[in-house]
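Descriptive structure summary
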Amino acid sequence: MFNIDSSVLIFGGAGTLGSSTALHLARKGFRNIHVLDVYPIPSAQSAGNDLNKIMGTSLRNPVDKQLSLEAEDMWSNDPTFSPFYHRSGRLDCCGSPDGIQDLRDTVAKLQQAGLGHTVEWLDTEAQIVQRVPQLAGSDIQGWKGIFFEKGGWLAAAKAIDSVGKELVRHGVKFSFGDSGVFDSLILSDDGKNCLGAVTKDGTRYLADRVVLASGAWTPSLVDLEDQCCSKAWVYAHMQLTPDEVKAYAGCPVVYNEDLGFFFEPNENGVIKVCDEFPGFTRYKMHQPFGSPKPISVSVPRSHARHPTDTYPHASEVTIRKAIAAFLPKFKDKELFNRAMCWCADTADANLLICEHPLWKNFFLATGDSGHSFKLLPIIGKHIVELLAGTLQKDMREAWRWRPGSGDARKSVRRASAKDLADLPGWKHESKESKESSKEQNKDIGQSSMDPSCCVSV
Ligand SMILES: Cc1cc2nc3c(=O)[nH]c(=O)nc-3n(C[C@H](O)[C@H](O)[C@H](O)COP(=O)(O)OP(=O)(O)OC[C@H]3O[C@@H](n4cnc5c(N)ncnc54)[C@H](O)[C@@H]3O)c2cc1C
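Residues numbered from 1 in each chain as written. Predicted model: local features only at pLDDT ≥ 70, side-chain atom pairs only at ≥ 80, totals over all residues. Heavy atoms only, no water.

Section: the sheet that holds strand β4 (residues 85-86)
- Overall, antiparallel pairing links the three strands, which are arranged β3-β8-β4 in an open sheet. The open sheet has two edge strands with one neighbour each: β3 (53-55) and β4.
- Sheet topology note: the β4/strand β8 (residues 152-154) ladder contains two bridges and is antiparallel. Residue pairing in the sheet places Y85 in a bridge with L154 of β8. (Pairing = 2+ DSSP bridges. Helix = DSSP H or I, 4+ residues; strand = E, 2+ residues; numbered from the N terminus.)

Written out as structure tokens, the structure is:
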């Protein structure tokens, strides 16, 4: 029996999938929701604690399409989310033969899905510049593009913070720090039922349902039998002058699968640039709950984004290369807040959202595969349906427990991931990284949550 009196623990509840789960439970009237995390909402190490993310429609399969359309509707109409959706439009563009073929495949899929009319094919550099005048003078020879009128970008950390404020209004309980850090499960005597969980400080929490939505940290916490491989991607920021801000205000998101992507400046005149590559792994020995012995899993550093980690020297080269191609006037600008951001890839890029096959009432909500921030408003609705046993069949099938169904270490992108152990430059205590960490807190990462609402029970 699962009803509004049921108690639910959500580990990773200050991140993307976890906060969305808490929100949908709260909106349904559940009175006994407990969010647990290392950091307050928006968690400083959440992949969603970022200046911006791309909003677009995914057509990989019917489940993704349904989720994208539901998410678009909520980003547009729900007051908790709509202030954070910037409809700048998006340009997907490329100059390499493989990249151009991918663009053509996207157009074919859009047409099949009846969405062909929502995009415009840009066959020449002149057509690209007409749509995105900010690319005039950039090195775009031979590029083709698709312009998406719909879509744009999401002010990511602010949107999670907005969820946090609504959770506070609903009276959700919170525990952060050691009393919010997942350690192990409490199982029934026969080992078949999950009765609750223990946190790092030894606190025992009993609950009717336990949800683990701990993103890239999940494979080190519970044995996922190699279904997820955690990988890091990187980004850096640059400060524009007021005149430069005027020139780039309203610029569509520009995404090039060979180079990377950038967003229009935010209200403080900051542009974020990402390169595009297969991600970095970081393999270490860990003994996740359920594993009889230590195993090698890729995991972020425990405080992955705070306070000192930046990115490998190699990323400076590729980010600078992207800037030189699509933002050449800014190629000598200083970069700040260089950072890594961690995701949990699955082999087929579908989420892993299911009840654990061994422990009844213990649920995983992970496997984001680097494209799940846009689902923030809606994914929790379907996770709650899973908890209630009413999740629709195709979602149950796509997100099922599926060890052995593919190699999550291989990227869906074209090359394989390098390990951070082989890449110097990312792990250090420097003045700049401390300063940039402060800078980030000023702008994006700071929780507006009143500390008095954070209880440890
Ligand atoms: C550079 C980059 C760019 C991206 N761009 C886009 C984009 O444009 N569009 C898009 O849709 N998606 C994008 N993504 C992907 C998106 O950010 C992720 O898919 C999504 O945020 C993952 O959500 P999550 O809830 O699984 O993990 P997270 O949001 O990372 O949440 C995990 C939570 O678990 C907590 N946690 C960890 N360990 C523990 C523990 N032991 N106990 C308790 N809590 C714990 C963490 O503190 C965190 O709050 C991007 C990702 C990166 C890295």
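Moving on, there is more to tell.
Regarding the site of the ligand
- The full set close to the ligand counts 31 residues, and D37, S46, I54, C341 and D368 are the nearest of them.
- Contact between the ligand and I54: an oxygen atom at 2.6 Å from a main-chain N or O atom of the residue.
- Against a free-state accessible area of 1000 Å², the protein chains account for coverage of 96% of the ligand.
- Listing elements by their share of the shell around the ligand, those giving two or more residues are α1 (16-27), β3 and β21 (336-346).
- Among the residues making up the shell around the ligand, the classes are represented as 14 nonpolar, 13 polar and four charged. (Near = heavy atom within 4 Å. Polar contact = N/O pair within 3.5 Å; in protein donor to acceptor, adjacent residues only side chain to side chain. Areas by Shrake-Rupley, 256 points an atom, 1.4 Å probe, with all protein chains shown as cover. Nonpolar A, V, L, I, M, F, W, Y, C, P; charged D, E, K, R; others polar.)

Describing the confidence of the model for the chain
- Residues at a pLDDT of 70 or more form 91% of the chain, whose mean pLDDT is 91.
- Across residues 429-445, where pLDDT falls below 50, the model places 31 contacts with residues more than four positions away in sequence or in other chains.
- For the stretch residues 451-457, pLDDT sits under 50, and the model shows 16 contacts to residues farther than four places along the chain or on other chains. (pLDDT = per-residue confidence, 0-100. Contact = heavy atoms within 4.5 Å.)

Brief notes about the side chain of S162
- For S162, the location among the structural elements is in helix α5 (residues 156-169).
- Each residue touching S162, except ones within four places of it in the same chain, is listed here: T80 and F84.

A word on the nonpolar core
- W75, L167, I353, I379 and W399 are the most contacted members of the largest nonpolar core, which has 60 residues in total.
- Not counting the four nearest positions on each side in its chain, I379 is found in contact with L17, S20, L67, L351, I353 and W399. (Core = buried A, V, L, I, M, F, W, Y, C linked by side-chain atoms within 4.5 Å. Buried < 20%, exposed > 50% of the residue type's maximum accessible area, 1.4 Å probe, protein only.)

So, the packing of α1 against helix α9 (residues 379-388)
- The geometry of α1 relative to α9 is characterised by a closest axis approach of 7 Å and an angle of 70° between their N-to-C directions. As the angle between them shows, α1 and α9 are arranged roughly perpendicular. At the point where α1 passes α9, the crossing takes the right-handed sense. Each of L17, S20, T21, H24 and L25 in α1 lies in contact with α9, whose residues at this interface are I379, G380, K381, I383 and V384. (Axes fitted to C-alpha atoms, helices over the stretch in contact; angles between N-to-C directions. Parallel < 35°, antiparallel > 145°, perpendicular 65-115°, else oblique. Left-handed = near helix turned anticlockwise from the far one by under 90°.)

What about the state of the cysteines?
- One pass over the structure, following the stated rule, counts zero disulfides.
- There is no disulfide at C229, and the cysteine sulfur nearest it, in C228, is 8.8 Å away.
- Judged by relative accessible area, C229 falls into the buried class, the value being 3%.
- With no disulfide of its own, C343 lies closest to C341 among cysteine sulfurs, the gap being 4.9 Å. (Disulfide = S-S within 2.5 Å.)

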